[in-house]
Amino acid sequence: MSSKAVSDTKRLILPGATLGILGGGQLGRMFTLAARTMGYKVMVLDPDAASPAGQMADVHVQADYTDPAALKKLGASCAAITTEFENVPAASLIELARHCRVAPSAAAVAIAQDRGHEKTWLADSGFATAPFALVNSEADLEAALAATGTPALLKVSRFGYDGKGQARVATLAEARAAFQDFGRQACVLEGFVKLEREVSVVLARDDAGQCALFSVAENRHENGILDLSIVPARVPGSLAQQAREVAQSVAGKLGYVGVMAVEFFVADGGLLINEVAPRPHNSGHYTLDACVTDQFEQQVRVLCGLPLGDPRLLSPVVMLNILGDRWNTNGPHWDALLAHPNIKLHLYGKQAARPGRKMGHCNVLDADLDAALRLAEQMRDAL
Ligand code: AMP
């Protein structure tokens, strides 16, 4: 064995080791399941006693993400630590990195934590986005609207998700009212893009800069929340290839290590980056049943310094999100869904079903993508 091979082997974190994750939602749960399937132990940090990932973990440390004793416990117990959400305090990742391997880095997560930073970083790095302007005070609104044109979307810079913290505005008065509604916190104003489609690319990038890219997903949203992902995306091959290249370039410029997603708008036949997510992504859930390696196994592999898995798509697939809304009408009717041999159900173990809350998803596999889409739509109504 060459000396390089020996040193590479030394860096590997192998089954039996304990992996840590900050955040215990559904993404953390699916990471935990992948890691445990591969023989790792998992320690989850999440303040919620009933967290979806905590239910599946070997150890659930129930504490705040900044709790010094909790961070000390994770740092001392884990061979490596990752995260499942972008709002994890960067200071906690920095502290943990003093004790063990942390991926992605605090610096990469910090860029994606704040829409304003993210958009500015993307534009400065030469990536195309919708026209935008930063709004830090009411006085910025007039010039911002002039820069973006109308209609526009005012979005809070931090802690917005699934269309929350967003308002469509057509006039200065509306923009002022929305800014006040958001408590005058820092915002980004974005020009409203006439979307032809939305697509995303989930990828994994390792320490050596090697990337494994999953197939491009075409995403349909309802009320700002992902409803369906259709894979492969129904876009020209050249556009899909361009999306993959741009996503890889974003990961490279961030020096990213881990699994991440880049969401795009397709407008005027071209691509604009909407968002970067420094974690596995809802639009990558199709990989759980339709790919050789899924996004969560890939997250484990990168974290542990293992070679990247094969991201190849084995079957056309449509992923349908199952939201809490389905619990309102004597549903959900699981029997209707489970009657189909080509539908794979994933539920997240959340106790309270609220409208808009992501409770689970299912993947519909069919050699005929149109048939998969029809069945997914039928299931959405049948549930
Ligand atoms: P976001 O949370 O920023 O990803 O927004 C949620 C969804 O709102 C997106 O997936 C789009 O469907 C829509 N959206 C967000 N920003 C824009 C925009 N600038 N123009 C048109 N639609 C948008």
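Further up the page is the structure itself.
Note that this is a predicted model, so its numbers are computed, not measured. (Residues numbered from 1 in each chain as written. Predicted model: local features only at pLDDT ≥ 70, side-chain atom pairs only at ≥ 80, totals over all residues. Heavy atoms only, no water.)

## Details of the environment of Ser 77
In this fold, Ser 77 is placed in helix 3 (residues 68-77). Residues Ser 77 and Pro 15, spaced 62 residues apart in sequence, show a C-alpha to C-alpha distance of 15 Å. Within polar-contact distance, the side chain of Ser 77 engages the backbone oxygen of Lys 73 at 2.6 Å. (Helix = DSSP H or I, 4+ residues; strand = E, 2+ residues; numbered from the N terminus. Polar contact = N/O pair within 3.5 Å; in protein donor to acceptor, adjacent residues only side chain to side chain.)

## A closer look at the nonpolar core
One finds Ile 13, Leu 19, Phe 31, Tyr 40, Tyr 286, Val 300 and Cys 304 to be the most contacted residues of the largest nonpolar core, which totals 41 residues. Sorting the residues of this core by element identifies strand 1 (18-22), helix 2 (26-37), strand 2 (41-45), strand 10 (197-205), strand 13 (225-231), strand 14 (258-267), helix 11 (295-303) and strand 16 (317-323) as the ones contributing at least two each. For this core, the two domains that each supply at least three residues are domain 1 (3-102) and domain 3 (195-382). In this view, Tyr 286 contacts Phe 214, Ser 215, Ala 217, Val 231, Cys 291, Leu 313, Val 317, Met 319 and Asn 363; residues no more than four positions away in its chain are not counted. Among the nonpolar cores identified, the runner-up in size contains 27 residues, and Phe 127, Val 199, Val 235 and Ile 273 belong to it. (Core = buried A, V, L, I, M, F, W, Y, C linked by side-chain atoms within 4.5 Å. Buried < 20%, exposed > 50% of the residue type's maximum accessible area, 1.4 Å probe, protein only. Domains from an automatic or database assignment. Contact = heavy atoms within 4.5 Å.)

## Notes on the pairing of strand 9 (residues 187-191)
Summarising burial for strand 9: five of the five residues are buried, a large majority. Neither face of strand 9 is exposed, since Cys 187, Leu 189 and Gly 191 on one face and Val 188 and Glu 190 on the opposite face are all buried. Judged from the four bridges that link them, strand 6 (residues 132-135) and strand 9 form a sheet pairing that is antiparallel. Bridge assignment links Leu 134 to a residue of strand 9, and that residue is Val 188. The pairing of strand 7 (residues 152-156) with strand 9 spans five bridges and is antiparallel. Note that in strand 9 the partner of Leu 153 across the bridge is Glu 190. (Pairing = 2+ DSSP bridges.)

## Some points on the sheet that holds strand 4 (residues 80-83)
The strand order across the open sheet built from five strands is 3-2-1-4-5, with neighbouring strands paired in parallel fashion. One side of each edge strand has no neighbouring strand; the edge strands of this open sheet are strand 3 (59-61) and strand 5 (101-102). Pairing geometry for strand 4 and strand 5, over two bridges, is parallel. Following the sheet pairing, Ala 80 is matched in strand 5 by Arg 101.

## A word on the packing of aromatic side chains
Under the defined criterion, the tally for this structure stands at three aromatic pairs. Measuring from centroid to centroid gives 5.7 Å for Trp 327 and Trp 334, while their planes differ by 70°, and the two rings are edge-to-face. Of the residues examined, Trp 334 reaches a relative accessible area of 21% and is grouped as partly exposed. Here Arg 168 stacks its cationic end above the ring of Phe 192, 4.1 Å away from the centre of that ring. (Phe/Tyr/Trp six-rings, centres within 6.5 Å; stacked < 30°, edge-to-face > 60°. Lys NZ or Arg CZ within 6 Å of the ring centre and 35° of its normal.)

## Side note on the sheet that holds strand 7
Strand pairing within a sheet occurs via backbone hydrogen bonds; the two strands may be parallel or antiparallel. The strand order across the open sheet built from four strands is 6-9-7-8, with neighbouring strands paired in antiparallel fashion. The open sheet has two edge strands with one neighbour each: strand 6 and strand 8 (166-169). Sheet twist, expressed as the average angle between the axes of neighbouring strands with direction ignored, equals 25°. Strands in contact with helix 7 (residues 141-148) are strand 6, strand 7, strand 8 and strand 9; relative to strand 6, the strand with the most contacts, it is inclined by about 170°. (Axes fitted to C-alpha atoms, helices over the stretch in contact; angles between N-to-C directions.)

## Some words on the pattern of salt bridges
Per the counting criterion, the structure on display carries 15 salt bridges. For the salt bridge of Arg 115 with Glu 275, the shortest nitrogen-to-oxygen distance reads 2.9 Å. Of this pair, Arg 115 sits in helix 6 (residues 115-124) while Glu 275 is found in strand 15 (residues 270-277), placing the two residues 160 residues apart along the sequence. Taking the shortest distance from any N to any O, the salt bridge between Glu 218 and Arg 197 comes out at 2.7 Å. With Glu 218 in strand 12 (residues 217-222) and Arg 197 in strand 10, this residue pair connects regions lying 21 residues apart in the sequence. Among the residues examined, Arg 197 registers a relative accessible area of 31% and is labelled partly exposed. Residues joined by salt bridges that share partners form a network here, namely Lys 119, Lys 155 and Glu 190. (Salt bridge = Lys/Arg side-chain N within 4 Å of Asp/Glu carboxyl O.)

## Regarding the packing of helix 5 (residues 106-113) against helix 6
In contact at an axis separation of 5 Å, helix 5 and helix 6 are set at 105° when each is read in the N-to-C sense. With respect to their mutual orientation, helix 5 and helix 6 come out roughly perpendicular. Here Ala 110, Ile 111, Ala 112 and Gln 113 of helix 5 come into contact with helix 6, specifically with Arg 115, His 117, Glu 118 and Trp 121. Across the contact of helix 5 with helix 6, the residue classes tally to four nonpolar, two polar and two charged. (Parallel < 35°, antiparallel > 145°, perpendicular 65-115°, else oblique. Nonpolar A, V, L, I, M, F, W, Y, C, P; charged D, E, K, R; others polar.)

Nothing here speaks to function; it is geometry throughout.
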